[in-house]
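Residues per chain, in single letters:
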Amino acid sequence: MAGMIPDETSSFVGRLEELRRVEQALSVHRLVTLTGTGGVGKTRIALRAAARGAPGHRDGVIWAELWPLMGSDLLVATVADAAGLADHTPRLAADALCSWLAEREALLVLDSCEHLAADCRQLLGELLRAAPGLTVLATSRQPLEVDGEHVLAIGPLPVDGTSGTHAPSDAVRLLLSRAAEAAPDVDVDSPVERAAADAICRRLEGIPLALELASGQLRQRRLTDLAGALGSPLTVLSGEQSARPPRHASLRTTIGWSHELCTPAERLLWARLSVLRGPFDVRTAQLMCSGGPLSHTGVADALSGLVVKCVVQRDGERHRMLDSLKEYGGMWLAELGEREQLEDQHAAYFHEVVRQADERWLGPEQAREYQRIAQAHPDLCAALDHLLTESDSAAVDLAGRVAFFWSCCGHLHEARHYLERALVEKREPGPVLTRALWALGVVRLLQGEPDPAAQLAAHCARAAEEDEDPEGTLGAAYLLSLTYLMTGRPLVAQNLAESALAVAPEDDFASPSRLRCRLITVFTRTALGVYDEAEGLARQLLAACERRDEVWTRSYVEYQLSLIALFQDRPAEAAEHARAMLRGKRRLGDRFGIALGVDLLAAAAAEQGEGEQAARLSGTGQTYWRSVGHPQRGTPELAAVRERTDLRARTAIGDHAYRVARQRGASDTRTTLALALGPVDPPAPPD
């Protein structure tokens, strides 16, 4: 898990005493909460403390950002995702997370807990009881009130220099550091400018966020000018004090001052960007926030201006806004009377994101769309929450379309949650409803519930026939045949899939469900032992996928070719196909598929007499299987492959060496996969 800590994007100034206190507290207490007003630097201190403390925790650091969450529904899922858990079981998400962390010695950091304090309190109580090796560092504007919690209050940076020296205060050092970054030509050495810096820091009371915002103005004015501007009364958002977020007065003033120094276009964009939950790129900002006085070009220009003024942070091609500034923008959005309109627009935009991804599923942009869906996860959840209260039919359509992507990316709990919410009442019959029911069937099958999945498939088949919906018919056939295949009835699965394909003979890439049914016919022939026929079909399908740069189907075809090569005593070829499968699954972020691929790679190593490599890969595979919440799964014929792998590896190197190598692979998945895959970045490890 070490390495999951976000990168620090700017220099770290001062805070040595605070870091010492945090480190000392973490050595004694299992839950340490950093409290303080917004913008005071809790996250930066937690970030540095986590990086420094990572080596002291066997399983590293788990960093979970809670600021994008609008409510508690996704709290457990967010922490699980940060912990590398992509649970594929129907058990409660909190139970799965407790089980996953039970034997781990890790530092869990929960950043920005204040708006979910009660739910964090309950979750942390469960986790700390279930996982005795877990230590938690939380940031919040208020204590979480968990038994055993140790609270450390974080204050502003000192504005007075060290007594008896001429050294500048930490607040001045931060301001001058940011000034040098923002405007290298600014003179920060003259006594006049140093005095101005000191005055600015005192006026802003050493609050880091206020100083960051102030430094954003130094591209346009000198320190002395900035000090003079801050000495004047500032206008902030009108309204009752109780309606504003609980902020220190100087921070509110500085945010308001930064707002007034923005152009009208920048202010409008600031307000509109507050609707976005997660990081965003320029294109998303343009499509989401344009309208009225803001053209697409105007959005790009205004966004650049907000970056210059430190209102928006840039990280590569993506941007984010701190929650303190997002709250202020949200207040202005309400003041402008645009909140309802922007929330509708936000939901419509992300609905369109998923619709486009769904339509591109068969083409060369498939892998990129999976990545886009993964990056947009918090905004997609927000869009679904909104549509579930505003537009039933749109919610059903969005849930039905995104669920197949989520089932691959490890968000089965969220997929089921939103599908069941969308389907809780009787909906209008038609292809949209049928697809949502089909998606729920896929989710329940992947969670190990074949009987409900089969019932949903049968329902979808009847509905598709009534609606004269060919894609729905093929989808139902795929789901039902996959259910039969997973439960050991490959001949029934084959007959069902081939019957559906024969109704309207077309190119396999005519529709997603048709392609999935074709894949089933390869799986069933392998399961039936008709290896030559299975290999012939697989190679035809592989060539078609390669021509289109399609990844999902291709990775499963590579999986079948690897399995066939193992059954026909061609282990070196099996290893190459397993590596190709793993590279495809890495592109999609599919931990379940990675677990399957690692098992086959271990089997190929064992068949080639590489006992230690096979044992290490088996350990890595076991960690991935644990990360999806299942023992080793897949079609029934895999059980014999795994047994043979263990036997061959133990025979080659002995029981003791096997156990040592297996444990090494389980604890160091990144290195094991890097060595196995060669000069290709390995998938993010779940350990």
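Source: prediction; values computed, not measured. (Residues numbered from 1 in each chain as written. Predicted model: local features only at pLDDT ≥ 70, side-chain atom pairs only at ≥ 80, totals over all residues. Heavy atoms only, no water.)

A. Molecular detail of the overall build of the chain. Along the backbone of the chain there are 32 helices and 7 strands. At 28 Å, the chain has a C-alpha radius of gyration in line with the 26 Å of a compact globule built from 687 residues. Reported as C-alpha extents along the three principal axes, the dimensions of the chain are approximately 85 × 60 × 45 Å. Each of the 687 residues in the chain was classed as buried or not, and the buried ones make up 56%. Long-range pairs, those at least 24 residues apart, make up 73% of the contacts in the chain with a sequence separation of at least 6. Accessible surface, the chain as shown: approximately 27,600 Å² in total, 51% of it carbon and sulfur. Seen as two clouds, the 74 positive and the 93 negative side-chain charges of the chain have centres 3 Å apart. (Helix = DSSP H or I, 4+ residues; strand = E, 2+ residues; numbered from the N terminus. Rg over C-alpha atoms; globule rule 2.2 N^0.38 Å. Buried < 20%, exposed > 50% of the residue type's maximum accessible area, 1.4 Å probe, protein only. Contact = heavy atoms within 4.5 Å. Areas by Shrake-Rupley, 256 points an atom, 1.4 Å probe, with all protein chains shown as cover. Lys, Arg positive; Asp, Glu negative; His and termini not counted. Charge placed at Lys NZ, Arg CZ, Asp CG, Glu CD.)

B. Broad picture of the pattern of salt bridges. All told, the structure shown has 49 salt bridges when counted by the stated rule. Arg570 is paired through a salt bridge with Glu535; the nearest N and O atoms lie 3.2 Å apart. Here Arg570 is found in the loop between helix H26 (552–567) and helix H27 (571–588), whereas its partner Glu535 is found in helix H25 (residues 531–548), with 35 residues between them in sequence. Note on Glu535: relative accessible area 13%, which makes it buried. For Arg644, the salt bridge goes to Glu607, with nearest N and O atoms at 2.6 Å. Taken together, the residues span a long stretch of sequence, with Arg644 in helix H30 (residues 638–653) and Glu607 in helix H28 (residues 591–607) at a distance of 37 residues. On the basis of relative accessibility, which here comes to 38%, the residue Arg644 falls in the partly exposed class. (Salt bridge = Lys/Arg side-chain N within 4 Å of Asp/Glu carboxyl O.)

C. Inspection of the side chain of Arg516 at higher detail. As for its position among the elements, Arg516 is in helix H24 (residues 512–527). For the buried residue Arg516, which engages in no salt bridge, the nearest side chain bearing the opposite charge is Glu471, 5.2 Å off. In this structure, Arg516 is in contact with Trp361, Phe404, Trp438, Tyr478 and Trp552, ignoring residues within four places of it in sequence.

D. Quick look at a nonpolar patch on the surface. Together, Leu491, Leu528 and Val530 give the surface a local cluster of nonpolar side chains, amounting to about 220 Å² of exposed area. Assignment of secondary structure puts Leu491 in helix H23 (residues 490–503). On the accessibility criterion, Leu491 (48% relative accessible area) is partly exposed. (Patch = residues over 30% accessible without salt bridge, like charges linked within 9 Å, V, L, I, M, F, W, Y side chains within 5 Å.)

E. Layout of a negative patch on the surface. On the surface, Glu465, Glu466, Asp467 and Glu468 cluster together to form a negatively charged patch. With respect to the helices and strands, Glu466 occurs in helix H21 (residues 450–467).

F. Broad picture of the sheet that holds strand S3 (residues 107–111). The strand order across the open sheet formed by 5 strands is S2-S3-S4-S1-S5, and the pairing between neighbours is parallel. Looking at the sheet topology across the chains shown, the edges are occupied by strand S2 (61–65) and strand S5 (149–153). Averaged over all pairs of adjacent strands, the angle between their axes in this sheet comes to 15°, without regard to strand direction. Sheet strands touched by helix H1 (residues 16–28): strand S1 (31–35), S3, strand S4 (135–140) and S5. Its angle to S5, the strand with the most contacts, is close to 175°. (Pairing = 2+ DSSP bridges. Axes fitted to C-alpha atoms, helices over the stretch in contact; angles between N-to-C directions.)

G. Just empty space enclosed by the protein, in detail. This structure, assessed with the given rule, holds 3 cavities of 30 Å³ or more. Empty space within the largest cavity amounts to approximately 440 Å³. What lines the largest cavity is a set of 25 residues, among which Leu446, Tyr478, Leu482, Trp552 and Tyr556 lie closest to the centre. Elements supplying a minimum of two residues to the lining of the largest cavity: helix H18 (392–409), helix H20 (431–446), helix H22 (470–486), H24, H26 and H28. Looking at which element gives the most residues to the lining of the largest cavity, the answer is H22, with 5 residues. Of the residues contributing to the lining of the largest cavity, the split by class is 18 nonpolar, 4 polar and 3 charged. The calculated volume of the second largest cavity comes to roughly 120 Å³. Around the second largest cavity, the lining comprises 13 residues; the ones closest to its centre are Ala77, Ala80, Leu85, His413 and Glu414. For the lining of the second largest cavity, the elements supplying multiple residues, two or more each, are helix H3 (75–82), helix H4 (93–101) and helix H19 (412–422). Across the lining of the second largest cavity, the residue classes break down as 7 nonpolar, 3 polar and 3 charged. (1 Å grid on protein atoms, 1.4 Å probe; cavity = no way out; pocket = protein on both sides within 12 Å on 5 of 7 lines; lining within 4 Å. Points joined across faces, edges and corners; volume = space filled by probe spheres on them. Nonpolar A, V, L, I, M, F, W, Y, C, P; charged D, E, K, R; others polar.)

H. Region of interest: the side chain of Ser555. Looking at the element boundaries, Ser555 is found in helix H26. Its relative accessible area of 2% is what places Ser555 among the buried residues. A polar side-chain atom of Ser555 sits 2.8 Å from the main-chain carbonyl oxygen of Trp552. Once residues lying within four places of it in the same chain are set aside, the contact partners of Ser555 are Met581, Gly584 and Lys585. (Polar contact = N/O pair within 3.5 Å; in protein donor to acceptor, adjacent residues only side chain to side chain.)

I. Summary view of unusual backbone geometry. Backbone geometry places Arg15, a non-glycine residue, at a positive phi of 70°. In this structure, Arg15 sits in the segment before H1. Using a relative accessible area of 4% as the deciding quantity, one classes Arg15 as buried. The residue Asp569 is not glycine, and still its phi comes out positive at about 60°. Here Asp569 is to be found in the loop between H26 and H27.

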